[in-house]
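Coordinate inspection notes
Listed below are the residues making up each chain.
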Amino acid sequence: MNPALTRYRVIAWIVGVLLIVLTVGTVLKYTTEDETLVALVGPAHGFLYMVYLVLAADLARRAKWTLGFTALILLAGTVPFLSFVAERVVTRRVQAASASSPVRSTV
């Protein structure tokens, strides 16, 4: 489960940072009429959000999350700063589940 969690954590941070930059760009677009930042960051965030959805869904399947919790985590990439909160909640939840699960033999 560790590689899936690591992939999720990385993409959550990337999507979160890009969403903040996109939000700033949107404010600039409407205050200064400069659309450069939105034009550059918008498509990148859109594509990487799709990657976020796939990686979060993969982790949800592996961790056997409920549908409601999974939906909240999937939506976290659409609200500025929320992906950072979701990443912490997910990390704690997965690590707690890993700590409480019995160790399996690889033989």
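Residues numbered from 1 in each chain as written. Predicted model: local features only at pLDDT ≥ 70, side-chain atom pairs only at ≥ 80, totals over all residues. Heavy atoms only, no water.

Glancing now at the nonpolar core. Most often, soluble globular proteins have nonpolar side chains that are buried together. Grouped together as the largest cluster of nonpolar side chains are 19 residues, with contacts concentrated most on Tyr 8, Tyr 52, Leu 59, Trp 65, Ile 73, Val 90 and Val 94. Contributing elements (two or more residues each) for this core: helix H1 (2-32), helix H2 (36-63), helix H3 (67-75) and helix H4 (82-100). In this structure, Tyr 8 is in contact with Tyr 52, Ala 56, Leu 59, Ile 73, Ala 86, Glu 87 and Val 90, ignoring residues within four places of it in sequence. (Core = buried A, V, L, I, M, F, W, Y, C linked by side-chain atoms within 4.5 Å. Buried < 20%, exposed > 50% of the residue type's maximum accessible area, 1.4 Å probe, protein only. Helix = DSSP H or I, 4+ residues; strand = E, 2+ residues; numbered from the N terminus. Contact = heavy atoms within 4.5 Å.)

On to unusual backbone geometry. Even without being a glycine, Lys 64 presents a positive backbone phi close to 60°. Examined against the element boundaries, Lys 64 turns out to sit in the loop between H2 and H3. A positive phi angle, near 75°, is found at Phe 81, a position not held by glycine. Relative to the helices and strands, Phe 81 resides in the loop between H3 and H4.

Turning our attention to the pattern of salt bridges. This model, assessed by the stated rule, comprises five salt bridges. The shortest N-O distance in the salt bridge between Arg 9 and Glu 87 comes to 2.5 Å. On the criterion of sequence distance, the pair formed by Arg 9 in helix H1 and Glu 87 in helix H4 is long-range, its members being 78 residues apart. For Glu 87, a relative accessible area of 1% translates into the label buried. Among the charged side chains, a salt-bridge network with shared partners connects Arg 7, Asp 58, Arg 61 and Arg 62. (Salt bridge = Lys/Arg side-chain N within 4 Å of Asp/Glu carboxyl O.)

The end-to-end C-alpha distance of H2, which contains 28 residues, comes to 40 Å, matching closely the 40 Å that a straight helix rising 1.5 Å per residue would cover. The largest bend along H2 measures about 25° and falls at Gly 42, with the proline Pro 43 one to four residues further on. All buried positions along H2 are accounted for by Val 41, His 45, Tyr 49, Tyr 52, Leu 55, Ala 56, Asp 58, Leu 59 and Ala 60. Where the residues of H2 are buried, they touch H1, H3 and H4. Downstream of H2 by a residue or two, Lys 64 has a phi angle that is positive, lying close to 60°. (Expected span 1.5 Å × (residues − 1). Bend = angle between axes of the 7 residues up to and from the residue.)

Here the focus is the UniProt feature "transmembrane region" (unreviewed entry) in the protein chain. Taking the numbering used here, the UniProt-annotated feature "transmembrane region" (unreviewed entry) corresponds to residues 12-31, 37-55 and 67-86. In the segment residues 12-31, helix accounts for 100% and strand for 0%; the C-alpha atoms at its two ends are 29 Å apart. Taken end to end, residues 37-55 is 100% helix and 0% strand, and its first and last C-alpha atoms sit 26 Å apart. (UniProt positions renumbered as here; feature names shortened; annotations may be inferred.)

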